[in-house]
Amino acid sequence: MASDGTRERDRSRRGSAAAHKTLTRLRRERRRRKKLERQVRELRREVAHREPKARARLYGLTPELEEAVARAIAERRGRRLYRLVRPLHPADFADLIERHSGEDRRLLVTIVGRYFDPDILSELDETVRESVIGHLDDEVLANSVVALASDDAVDVIGELDREDRQLVLGAFPENERLLLEQGLAYDDDSAGRLMQREHVSVPLEWTVGQTIDFLRTGGDLPEDFYDLFVVDDDGRPLGRLALSHLLRSKRPVLVADIMDPTLHMIPVDTDQEEIALLFRQYGLVSAPVIHPDGSLAGMITVDDVVEVIDEEAEEDLMRLGGVVEDDLHGGLLDTSRSRFSWLAINLCTAILASIVIGLFESSIEKMVALAVLMPIVASMGGNAGTQSLTVAVRALAMRELTPTNATKFIVKETAVGSLNGLAFAVIAGTVSWFWFGDERIALILGAAMIVNLLVAGVMGALIPIGLDRFRLDPAIASTVFLTTVTDVVGFVSFLGLAALFLL
């Protein structure tokens, strides 16, 4: 029995030792985990602290550099300014130029002299570009435009006056000058203006080896291209061949056997908005532009389409607010003049709303609460309608709203307006009840809120769709019509119900 007791005690001690060891290990693991968690938190804080600086380093034009440039301009330290701006990427230099005006802008443009990067011209806003061109001497301007890709050159030359245009065109070789003059003959927003005349086309009977040798020795190739176009004897595109596919194929293979015959060919008179939608729809990197006879005129690349998408989105956004695209960089008088017509239209609609209010003048005089509460109804209707309007205008621009789904969209916006009308009727009615202590006013305010938000949802969808059917730009006129409708309906419903049930 003694031996059994001894064995029991030994097992107990071993069990205690094992438990102690396990507990020690767990405590050590806990300390290690806490230390790791502390290190992770410290690392996150460090990353969060460094993140803004890291993001700033993605761009050449940092806030620190911009401040240094501003000091150098203010102190007129030319050497210092030159050293600061000379290494900048053309896009960053263009941003810097746009952020200055007058004599400061002239100094920025002229400080680099003959080292002015031609690509800066293609990166500038059109309004700013006009003033920058005026600061360049004739030789620098001509050399800069000659160095640009043909699509950028046409864009810049198209903004010059007749004298400067002849000067710049005279700097081009005759064959290039003829191509540029052809490009200038197209409409501003057409594929003919947007396209790059330089492209790579190869005959159908060539092999991969012949094509690669041509690319290596050809001296008149675009600086950047992604696809080659396979053409017939009359220069009509039959297919495209991606560079990556070409380089992975063996030399004896015919390009006709590896080309992609699916082509999205763009006529020269196609509007740039349609081109942007085409690239977006099919994920294109480049696309051929064709003459009316089907022959290859040039190509459009995705970098140009990105600019078009940006321009079209900016145009829609600005027009919804009643301003022009170049409003930020426009002059004082030009900006005032461009906004005047829009404000004049809004004045007329405001007078119409005031006339409606005047019809209920006696009712408002008898009950001050009506004057206090009626702007709420009109304001909520206007904001709700603007939400529907914004969605509709953007969907129409992106061809996402068509006759096929227009009814569904209108029904949805009507339902959304009704639900929000009910919700805000309860909220606004409750507030007015506590405010004025009259449940009748609360009920009338709630009813008017429901009516106006419902109408706002319907009209916010119908107005842009209707304007689009009549070939009018919904972004230009929709807001004026919508504001008028929501103001008039809001005032009539609220003041009309008040006159009917309170007085």
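A. Inspection of the sheet that holds strand S6 (residues 296-301) at higher detail. Taken together, the three strands give an open sheet; going across it, the order is S4-S5-S6, and neighbouring strands pair in mixed fashion. Each of the sheet's edge strands pairs with one partner strand only, and the pair in question is strand S4 (266-267) and S6. Summarising the sheet, strand S5 (residues 286-290) and S6 pair through five bridges and their orientation is antiparallel. Opposite Ala287, over in S6, you have Ile300 as the bridge partner.

B. Molecular detail of helix H13 (residues 208-217). Those residues of H13 that fall on the buried side of the exposure criterion are Val208, Gly209, Thr211, Ile212 and Leu215. Each buried residue of H13 sits inside an arc of 165° when the element is viewed along its axis, so together they form one side. At its buried positions, H13 is contacted by strand S1 (201-203), strand S2 (227-231), helix H14 (243-247) and helix H15 (255-258).

C. Summary view of the sheet that holds strand S3 (residues 237-242). The three strands are arranged S1-S2-S3 in an open sheet whose pairing can be described as mixed. Only two strands of the sheet have a single neighbouring strand rather than two, namely S1 and S3. For this sheet, the mean angle separating the axes of adjacent strands, direction not counted, is 35°. Sheet topology note: the S2/S3 ladder contains five bridges and is antiparallel.

D. Region of interest: the packing of aromatic side chains. Across all of its chains, the model carries two aromatic pairs by this definition. Ring geometry for Trp206 versus Phe214: centroids 5.5 Å apart, planes at 65°, classification edge-to-face. The class of Phe214 is partly exposed, set by a relative accessible area of 28%.

E. Region of the structure containing a positive patch on the surface. Taken together, the side chains of Arg71, Arg79, Arg80 and Arg83 present a region of like positive charge at the surface. Looking at the positive patch element by element, the count peaks at three residues for helix H3 (residues 78-85). Following the sequence through the fold, Arg83 ends up in helix H3. Its relative accessible area of 54% is what places Arg83 among the exposed residues.

F. Local environment of unusual backbone geometry. At Arg76, a position not held by glycine, the phi torsion is positive, near 55°. Considering the arrangement of structural elements, one finds Arg76 in the loop between helix H2 (63-74) and H3. What makes Arg76 partly exposed here is its relative accessible area of 45%. Backbone geometry places Arg471, a non-glycine residue, at a positive phi of 65°. Turning to its location among the elements, Arg471 is positioned in the loop between helix H22 (439-469) and helix H23 (474-501).

G. A nonpolar patch on the surface, seen in detail. Judged by side-chain polarity, Val368, Val372, Phe424, Ile427, Val431, Trp435 and Phe436 come together as a nonpolar surface patch covering roughly 640 Å² of accessible area. Put simply, the parts of the chain that give the nonpolar patch at least two residues each are helix H20 (368-397) and helix H21 (406-436). The element contributing the most residues to the nonpolar patch is H21, with five residues. Residue classification places Phe424 among the partly exposed residues on the basis of a relative accessible area of 32%.

Definitions and limits used
- Residues numbered from 1 in each chain as written.
- Predicted model: local features only at pLDDT ≥ 70, side-chain atom pairs only at ≥ 80, totals over all residues.
- Heavy atoms only, no water.
- Pairing = 2+ DSSP bridges.
- Helix = DSSP H or I, 4+ residues; strand = E, 2+ residues; numbered from the N terminus.
- Buried < 20%, exposed > 50% of the residue type's maximum accessible area, 1.4 Å probe, protein only.
- Arc of directions from axis to C-beta.
- Contact = heavy atoms within 4.5 Å.
- Axes fitted to C-alpha atoms, helices over the stretch in contact; angles between N-to-C directions.
- Phe/Tyr/Trp six-rings, centres within 6.5 Å; stacked < 30°, edge-to-face > 60°.
- Patch = residues over 30% accessible without salt bridge, like charges linked within 9 Å, V, L, I, M, F, W, Y side chains within 5 Å.
- Areas by Shrake-Rupley, 256 points an atom, 1.4 Å probe, with all protein chains shown as cover.
- Salt bridge = Lys/Arg side-chain N within 4 Å of Asp/Glu carboxyl O.
- Lys, Arg positive; Asp, Glu negative; His and termini not counted.
- Charge placed at Lys NZ, Arg CZ, Asp CG, Glu CD.

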